[in-house]
Amino acid sequence: MAKQEIKQEQLLNVEEAVSRSEAFINKNGKIISAVIIAVAVLILAGVGISTYVIKPREQKAAEALFAGEKYFRNGDYETALNGDGVNAGFLQVIEENGGTDAANLAYAYAGICYAQQQNFDEAINYLEKYNGNDKIVSPMVKYALGNCYAYKENIDKAIKLVLEAAEEANNITVSPKCLFDAAAMYEKQGKADKAIELYNRIKNEYPQAPEA
C-alpha cells in the first residue's frame, strides 16, 4: 500500500473515532474516547532511527505493538492490554521495550484501553506517560486525558487539557469537538459566559463542523 493511501486510511480512522466521541456529561455517562493512535509502524517509519543496534529493537517492539493494536481496533481492550498468550499486549510492550517509540505509543494505547474499561486512575497514569508531539496523536491523547479527569471531577484540569488539545490539533476534525466539550464543562461549572465564548469560536472558526 502506498504511503499516501496509508496516511489517508489513518486520517479516516481518526475522523471515525472523533465522530463517535461524547462529552463527559453526555446522557449515557459512558466515555467514548476520541482517540485512534496511528499504527506504530507508520510512526516509526518517520522517526529515522539511524544506528544498527537500535533499529532491530525498534522493529521488534513495533511488531509486538501491532499485534495489540489489532485487538484495540476490535474493541477487545483486555486482550489488547494483556496479550492473547502468544502475542504481547501493550503492558508487556512497555515493560520489555522501554525507551522505544513503540513503548511510547503503547502508553497511549494502554491509557485508552483503561479509559474504555472505566478505570480512569490507570488511564490517567498511562496517558500521562505518553511523550510526543505528533500533530494527530498528541492532541487526541490530551483530549482523552481531559475526559478522564472530567470523570474524576477535576473539571479545571479537564478543561485545560481539552483546550490545549484543540489548539494543538488546529483542524476541523478534532478542534471543534474539543471546544464543544470544554464549553459543556464550563456549563457544568455554571460559567455560561465562558461556554458561550467557546460556542461562538466554533461557529466563527469552524462553521462547517457538525458542532457549529
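Use the structure listed above.
Let us look at the structure shown here. (Residues numbered from 1 in each chain as written. Predicted model: local features only at pLDDT ≥ 70, side-chain atom pairs only at ≥ 80, totals over all residues. Heavy atoms only, no water.)

1. Examining unusual backbone geometry
As a rule of thumb, non-glycine residues mostly have phi less than zero, and peptide bonds are mostly trans rather than cis.
Logical step 1: We note that Q118 has phi near 70 degrees; this positive angle belongs to a residue other than glycine.
Logical step 2: Structurally, Q118 is set in the loop between α6 (101–116) and α7 (120–127).
Logical step 3: Here the phi dihedral of E153 falls at roughly 70 degrees; this positive angle occurs in a residue that is not glycine.
Logical step 4: Structurally, E153 is set in the loop between α8 (137–151) and α9 (155–169). (Helix = DSSP H or I, 4+ residues; strand = E, 2+ residues; numbered from the N terminus.)

2. Overview of the nonpolar core
Logical step 1: One finds L65, F72, F90, L127, C148, C178 and M185 to be the most contacted residues of the largest nonpolar core, which totals 54 residues.
Logical step 2: Looking at which element gives the most residues to this core, the answer is α6, with ten residues. (Core = buried A, V, L, I, M, F, W, Y, C linked by side-chain atoms within 4.5 Å. Buried < 20%, exposed > 50% of the residue type's maximum accessible area, 1.4 Å probe, protein only.)

3. Description of the environment of A62
Logical step 1: Mapping A62 onto the fold places it in helix α3 (residues 54–73).
Logical step 2: A62 sits 39 residues away from D101 along the chain, and the two C-alpha atoms are 8.1 Å apart.

4. Overview of the packing of α7 against α8
Logical step 1: Between α7 and α8, the least distance of the axes is 10 Å, while the angle of their chain directions is 150 degrees. With respect to each other, α7 and α8 are oriented roughly antiparallel. Considering the relative orientation of α7 and α8, their crossing is left-handed. Together, F120, A123, I124 and L127 of α7 and V141, A144, L145, C148, Y149 and Y151 of α8 make up the contact between the two elements.
Logical step 2: Looking at the contact of α7 with α8 residue by residue, the classes come out as ten nonpolar, no polar and no charged. (Axes fitted to C-alpha atoms, helices over the stretch in contact; angles between N-to-C directions. Parallel < 35°, antiparallel > 145°, perpendicular 65-115°, else oblique. Left-handed = near helix turned anticlockwise from the far one by under 90°. Contact = heavy atoms within 4.5 Å. Nonpolar A, V, L, I, M, F, W, Y, C, P; charged D, E, K, R; others polar.)

5. Things to note about the packing of aromatic side chains
Logical step 1: In this structure the tally under the stated criterion is eight aromatic pairs.
Logical step 2: Residues F72 and Y109 carry aromatic rings whose centres are separated by 4.9 Å and whose planes lie at 75 degrees to one another, so their mutual orientation is edge-to-face. On the criterion of sequence distance, the pair formed by F72 in helix α3 and Y109 in helix α6 is long-range, its members being 37 residues apart. Accessibility classification places F72 together with Y109 in one group, the buried group.
Logical step 3: Members of the aromatic cluster, joined through ring pairs, are F72, Y77, F90 and Y109. (Phe/Tyr/Trp six-rings, centres within 6.5 Å; stacked < 30°, edge-to-face > 60°.)

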